[in-house]
Amino acid sequence: MTLPSILNLFGVAVFAVSGVLAAGRKNLDLLGVLVIAIVTAIGGGTLRDLLLDRHPIFWFREGEHLAVIVTAALLTLVYLRFRRLPERALVVADALGLAVFTISGTQVATAANHPAVVAVIMGVMTGVAGGVIRDVLTAEIPLIFRRGDLYATPAITGAALYLLLSSTALPRPLPTVFAVAAIVVLRLASIFWGLRLPAFAIPVEPDSKSYHE
Amino acid sequence: MTLPSILNLFGVAVFAVSGVLAAGRKNLDLLGVLVIAIVTAIGGGTLRDLLLDRHPIFWFREGEHLAVIVTAALLTLVYLRFRRLPERALVVADALGLAVFTISGTQVATAANHPAVVAVIMGVMTGVAGGVIRDVLTAEIPLIFRRGDLYATPAITGAALYLLLSSTALPRPLPTVFAVAAIVVLRLASIFWGLRLPAFAIPVEPDSKSYHE
Amino acid sequence: MTLPSILNLFGVAVFAVSGVLAAGRKNLDLLGVLVIAIVTAIGGGTLRDLLLDRHPIFWFREGEHLAVIVTAALLTLVYLRFRRLPERALVVADALGLAVFTISGTQVATAANHPAVVAVIMGVMTGVAGGVIRDVLTAEIPLIFRRGDLYATPAITGAALYLLLSSTALPRPLPTVFAVAAIVVLRLASIFWGLRLPAFAIPVEPDSKSYHE
C-alpha cells in the first residue's frame, strides 16, 4: 500500500469522525449522520479528482474507503452512547483531516507535473473542501472563517514545506510526516493558544444595498 | 424513450417546480426565479454526470430538459398568479424529485458496473444535490436538515430496495416504480405523520472557540 | 493573446478584488484573504471547464492567472492600508466579474457547438459561480439574492445579446464589448437607480414543518 493511499484512508477516517460530531449536534437520525460523515470524508478527495480529471473518483475504485468511513462513523456513534467527547474533539479531527488532505492534494498535483503554486492551491482546496461541505450542510459558519483562527495559513505553510522538503535529500516518508505535523501544530496552536497573523479588517457599513432608497 | 430518460425528465420538472416555490418566497424577479428553477432541476444530474465522467452533461446533449424545466417553471408561475399553492406543495415536489433522482443516480452507477454500495451513495448524492443547491442559493437551511425529518433515510432505503428488486425476476419497470414510491412514501410519512428514526443528539456547548480567551 | 484569454484575465482580477473586499469584513488573516480571493476568482471558470470537460482546468495550464490574482489581491490590500474603499466598490467589482465571466462562458460553450440556450445557461452559471462561492464561504447571503436586485437578468440579457450580435456582420471584438457593457450597466442601474422587473412573491407561512405537531 502506498503512502498516499494510507494518508487518504486516514484522512477519510478522521473527517468521517468530524462529520459525525458536527451532525450529532443537529438531531439527525442514524442514516442522516452517516450521509454527513460520508460527504465530509469524500468531499476533498472528490474535488481533487474532479479538478485533476482522475476517473474513476477514488472512492469508486477503492472500496475500502467507504468501509473505513462507515466503521469510523459507527465507532464514534457507539463511543458517544457511553461517553461525551470533549468539544475540542471536532476541531482536532478537523485539523487532522485538513493536514492529511492538503498534503495528499499537493502530492497528486505534483505527480501530475503541475507547477508548485498550482500544487499548493490544489492542496489547500483538497484539504478545505470536506470541512466546508460539512459546515455548509449542517448550516454552520465554516470553521475556516470563525473568529480569525488560522485555517488557510497552516494548510499553505504545510503544502509549501512539503514541496521544499521533497526537493531535498530527506528520505521518502519524512517530508509528508513533517508537513502533516506542521499543519496540525499550526492549526491547533491557533485554536488553543491564540496564535495569529495580523488580520485585515476593512471597516464598512454592515448593509450594502441602500443607494436608491 | 428509455425509462431512465423519462425518470430524468420527470425529476427535472418537479425540481423546477420546487425551485420556483422556494425562489418565490425570496422576492426574486422572473429571470431570477427561472435561474433557481433551472439550477435546482439540473443540479443532481449534473453532479451525477461529473462524478461518473459522463460528457457531455445530460442537459447539454438532450435539449428537451431545458424546455421541460422552463415550461414547468412558467406554468407554476402562472398558476401562482391565480391561486395560492398550499405550503406543503414545496415538500411534495421536493420528495418526488428526491425519489426520482436517487433512483436515476443508482441506475446510472449500476450501469457503469460500480458496486452496490457506491451505487447507493451515488444515488443519494444525485437525489439530494438539487435540493441542497436550491436551499443554499435561497439562503435557507437545507430541507435535508430541518428538525430531524427523515431525508437521507428514505433515499438510502429506496436505492437499496431498487438494487434488491433488480436482482429478482421482477419485470423491468417495477423495481423502479416500487423504489420511487418507497422513497416518496417514507419521506412524506416523516413530514406529515412524524415517522422517525432515533436521533443521535450529542450535548455540546453551542460555541466551539473560546479556549484561549 | 486572444480576446477570451484577456477577458478571463480581467475577470479573475476583478473577482480577486471582490474576494479581498468580502474577506476583509471577516477579520481573516493575510493568507485567508488570499484564499478567498483565489477561490472567488477561479470559481466561475473552474465550473465552466468542469462542465465542458476542458482539462487541464484553465488556471492549471495558464500560470499567469494566479499571478494576476495574487497581484490584484495584494494591491487591493495595500490600497486599503491607506484609504478606505467606498462600500460600492464590492458591488462594482462583482458586476464587472459577472459580466466578463458570463460572456466568457457563453463564448466557450458556443465554440464547443452547444445550442444557444445551453450557451446562455453556461454563461450565467460561469458568471454567477465565483460570487456565489465567495458569499457562501464568507457566510453572507449571496449578492444574487439580496433584496430583489437584478442579478440573473443582466447576465441572461447580456449572454443573449452576445449571441445575437455574433450572428450579425459586426466586427469581432464588438459583440463582446457591447454584451459586457450591457451586463454592467443593467446590474449597476439595478443597484444604484432601483431598476426592477416585477417580482414574484408567493405569500407563505415562514416555517414549513409543523404538520404533525
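Here the residue numbers are simple positions, counted from 1 along each chain's written sequence. Going through the entries in the order they are written, you letter the chains from A and number the ligands from 1. With the structure being a predicted model, the display of local features is reserved for residues of pLDDT at least 70 and the display and counting of side-chain atom pairs for 80 or more, all residues being used for whole-chain, interface and lining totals.

## Remarks on the nonpolar core
Formally: Here a nonpolar core is just a set of buried residues of the types Ala, Val, Leu, Ile, Met, Phe, Trp, Tyr and Cys, joined wherever their C-beta atoms sit within 7 Å. Counting other C-beta atoms within 10 Å of a residue's own tells you its class, since 20 or more makes it buried, 12 or fewer makes it exposed, and anything in between is partly exposed; those C-beta atoms are placed from the backbone. Note that contacts rest on C-beta atoms placed from the backbone: two residues are in contact if these are within 7 Å.
Core analysis: the biggest nonpolar cluster contains 210 residues, and A16(A), A37(A), A16(B), A37(B), A16(C) and A37(C) have the highest contact counts within it. Leave out the neighbours within four places in its chain, and A16(A) touches A37(A), T40(A), A41(A), I69(A), A72(A) and A73(A).

## Let's talk about the environment of A93(B)
All names here are of chain B. Test applied: The secondary structure listing takes helices from DSSP runs of H or I that are at least 4 residues long and strands from runs of E that are at least 2 residues long, numbered from the N terminus.
Note that A93 resides in helix 5 (residues 88–111). In this structure, the C-alpha to C-alpha distance between A93 and E140, residues 47 residues apart in sequence, is 17 Å. When neighbours within four sequence positions are excluded, A93 is seen to be in contact with V14, V17, S18 and L21.

## Some remarks on the packing of helix 2 (residues 30–51) of chain C against helix 4 (residues 64–82) of chain C
Residue and element names in this part refer to chain C. Where we set the bar: Here an axis means a line fitted to C-alpha atoms, over the contact stretch when the element is a helix, while the angle between two N-to-C directions is reported on a 0 to 180 degree scale. Roughly parallel here means an angle under 35 degrees, roughly antiparallel means over 145, roughly perpendicular means 65 to 115, and every remaining angle is called oblique. Left-handed describes a crossing in which the near helix is turned anticlockwise from the far one by less than a right angle; the clockwise case is right-handed. Note that Gly is not counted as nonpolar here; it falls among the polar residues with everything else outside the nonpolar set of Ala, Val, Leu, Ile, Met, Phe, Trp, Tyr, Cys and Pro and the charged set of Asp, Glu, Lys and Arg.
Remark: helix 2 packs on helix 4, axes separated minimally by 10 Å, with the N-to-C direction vectors making an angle of 130°. One element, helix 2, and the other, helix 4, form an angle in the oblique class. Once helix 2 is placed against helix 4, the crossing between them reads as right-handed. For the pair helix 2 and helix 4, the contacting residues are V33, L34, A37, I38 and A41 in the first and I69, V70, A73 and L77 in the second. When the residues that make up the contact of helix 2 with helix 4 are grouped by side-chain class, the tally is nine nonpolar, no polar and no charged.

## Quick notes on the confidence of the model for chain A
Residue and element names in this part refer to chain A. Short version of the rule: For every residue, the predictor assigns a confidence score, pLDDT, that lies between 0 and 100.
The predicted model of chain A has a mean per-residue pLDDT of 83, with 87% of residues at 70 or higher. Long-range and interchain partners of residues 204–213, a stretch whose pLDDT sits below 50, account for 14 contacts in this model, where long-range means more than four residues apart. For this predicted complex, the interface score ipTM comes out at 0.81, while the overall pTM is 0.85.

## So, the packing of helix 1 (residues 3–24) of chain C against helix 4 of chain C
Residues and elements named next belong to chain C. Where helix 1 contacts helix 4, the two axes come as close as 8 Å, and the packing angle between them is 40°. Our classification of the angle between helix 1 and helix 4 gives oblique. At the point where helix 1 passes helix 4, the crossing takes the right-handed sense. Residues L9, V12, A13, A16, V17, V20 and G24 of helix 1 pack against E64, H65, V68, I69, A72, A73, T76, L77 and L80 of helix 4. For the contact of helix 1 with helix 4, the class distribution of residues is 12 nonpolar, three polar and one charged.

## Comments concerning unusual backbone geometry
Here the bond from H55(A) into P56(A) is cis, since omega is -5°, no more than 30 degrees from zero. The phi torsion at D53(C) lies on the positive side, around 60°, for a residue other than glycine. For D53(C), the location among the structural elements is in the loop between helix 2 and helix 3 (58–61). Owing to 16 C-beta atoms within 10 Å, D53(C) belongs among the partly exposed residues under this scheme. Positive phi values are uncommon outside glycine, yet N113(C) reaches one of about 65°. Among the structural elements, N113(C) can be located in the loop between helix 5 (88–111) and helix 6 (116–137).

## Digging into helix 4 (residues 64–82) of chain B
Note the following rule: Helix span, expected: 1.5 Å multiplied by one less than the number of residues in the helix. Our arc is simply the arc of the directions from the helix axis toward the C-beta atoms.
For helix 4 of chain B, built from 19 residues, the straight-helix expectation of 27 Å at 1.5 Å per residue is met to within 8% by its first-to-last C-alpha distance of 27 Å. Among the residues making up helix 4 of chain B, those that are buried are H65(B), L66(B), V68(B), I69(B), A72(B), A73(B) and T76(B). The buried residues of helix 4 of chain B all sit within an arc of 165° when viewed along its axis, so they share a single face. Set apart from the buried face of helix 4 of chain B by more than 90 degrees, the exposed residues are A67(B), V78(B), R81(B) and F82(B). Buried positions along helix 4 of chain B lie against helix 1 (3–24), helix 2 (30–51) and helix 3 (58–61) of chain B together with helix 6 of chain C.

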